[in-house]
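Residue-level structural notes
Each chain is listed here by its residues.
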Amino acid sequence: QFAQKDGFRFFMEKEIYEQSDVVSDCMIGRIQDNSINFDEISPELLDGINEIKICACGTSYHAGLTSSYLFERLAKIKCNVEIASEFRYKEPLLTKDTLFIVISQSGETADTLEALKMAKKAGLKSVVVCNVDNSSMTRVADFTILTRAGIEKGVASTKAFSTQTVVLWMLALYFAKINSSISSELLQSEIKALREVPKSLIVEDRIHEKTKRLSKRYLHGHGFFFIGRDVFFPLALEGALKLKEISYLHAEGYPSGEMKHGPIALADPELFTIALMPQNLLYDKIKSNVEELSARDSTICSISSLEFELCDDFIKIQETNHYMLEFFEMLVVLQLFSMEISIRLGNDVDMPRNLAKSVTVE
Ligand code: G6P
């Protein structure tokens, strides 16, 4: 048992540390010189397509939500994302100009699989972004893009999420190229940033130590808000989900600009706010959202490359020149933070109560 964990305390910890390597694997052959290529699909996939619909559950849903910003921003394709269990029963309108993408680590989640079958039945082209080859979804979807994360044992998903997000970012760029919706300069700088992702996912001792230290104090709160804007909103949702899953503490992910429309009423010193403050994206906007929370006495920990004096605590990530690199730097911090709190609470990090790795029943 110990050997399998290679000296790490939990599989989750091992999997957090593996992210840099598996993300490199997932880019092999897909980034060639200065272009993106997927052997699994061809440019004709986009023929007649005006829209992308994504369906997924849990952490995979958060990867989907993140990618919806990238599909619209880079590939200029309308994209919406739905939770599979909602999609199934809302009598969705499906038109053939929609590319249907499902995202699933296991390829077996019942609701996502059913959503995929519904789309197929309606005659839509479909793609699954999946970590398990030959799983049910790979057998149903027209095309499979594997995430190559390797076996993920921790119930709380880590490396599956980072590889899904990288695959979807590459896919957005691949579509952008087909659509001619991106300048070659922008494409080159995006590819340059993609190549830096493995570096952003390396766990620094300094950061791990800092999350350990902060976990001592941050387990006493009565609630957590994780806040961010744009792609950092789905990242905030993912940070909150990780904490809920393994610490059993109440946490909510929220778009920071929306806090004033209700949640800020909860602000007090025992309400912990984890603020995702990327230097390269809407920094001033999130800063003013954090100011509002600080004025109402919330205890705030910022994750950023820049220190902001109104925050009580600060986890410093590396300075980079692309918001997606900040995204992955912050992801590691959020994963370590929830794991260290969970360990301190004496929970079973890899097998949290009431949860299953793969939910194959409705
Ligand atoms: C379960 C797991 C989550 C996972 C979700 C979707 O709830 O505990 O970690 O994100 O299922 O799983 P999938 O295999 O479809 O990505």
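Now for a look at the structure at hand. Keep in mind that this is a model prediction, so the values were computed, not measured.

1. Here we look at the overall build of the protein
Along the backbone of the protein there are 11 helices and 12 strands. By the compact-globule yardstick of 21 Å for 362 residues, the protein fits well, its C-alpha radius of gyration being 20 Å. Expressed as lengths along the three principal axes of its C-alpha atoms, the size of the protein is roughly 55 × 45 × 40 Å. In the protein, 73% of the contacts between residues at least 6 apart in sequence involve partners at least 24 apart.

2. Focus on the site of the ligand
If you check the shell around the ligand, you find 15 residues, and the closest are Gly58, Thr59, Ser104, Ser106 and Thr109. For the shell around the ligand, the element with the most residues is helix 2 (residues 58–75), which contributes 3 residues. Grouping the constituent residues of the shell around the ligand by class yields 4 nonpolar, 10 polar and 1 charged.

3. A look at the sheet that holds strand 9 (residues 251–255)
Spatially, 5 strands are ordered 9-8-10-11-12 in an open sheet, and the strand pairing comes out parallel. Here the strands that pair on one side only, and so sit at the sheet edges, are strand 9 and strand 12 (313–316). Mean inter-strand twist for the sheet, computed between neighbouring axes without regard to direction, equals 20 degrees. Two strands pair when backbone bridges link them, and strand 11 (residues 299–304) and strand 12 are joined in this way by 4 bridges, in the parallel orientation. Of the residues in strand 12, the one forming a bridge with Ser304 is Lys316.

4. So, the nonpolar core
Counting residues in hydrophobic clusters, the biggest one holds 112 residues, and the most contacted among them are Val102, Ala172, Ala236 and Val333. Excluding anything up to four places from it in sequence, Ala172 contacts Ser67, Leu70, Phe71, Leu74 and Ala75.

Rules behind the numbers
Residues numbered from 1 in each chain as written. Predicted model: local features only at pLDDT ≥ 70, side-chain atom pairs only at ≥ 80, totals over all residues. Helix = DSSP H or I, 4+ residues; strand = E, 2+ residues; numbered from the N terminus. Rg over C-alpha atoms; globule rule 2.2 N^0.38 Å. Contact = placed C-beta atoms within 7 Å. Near = placed C-beta within 6 Å. Nonpolar A, V, L, I, M, F, W, Y, C, P; charged D, E, K, R; others polar. Pairing = 2+ DSSP bridges. Axes fitted to C-alpha atoms, helices over the stretch in contact; angles between N-to-C directions. Core = buried A, V, L, I, M, F, W, Y, C linked by C-beta atoms within 7 Å. Buried ≥ 20, exposed ≤ 12 C-beta atoms within 10 Å, placed from the backbone.

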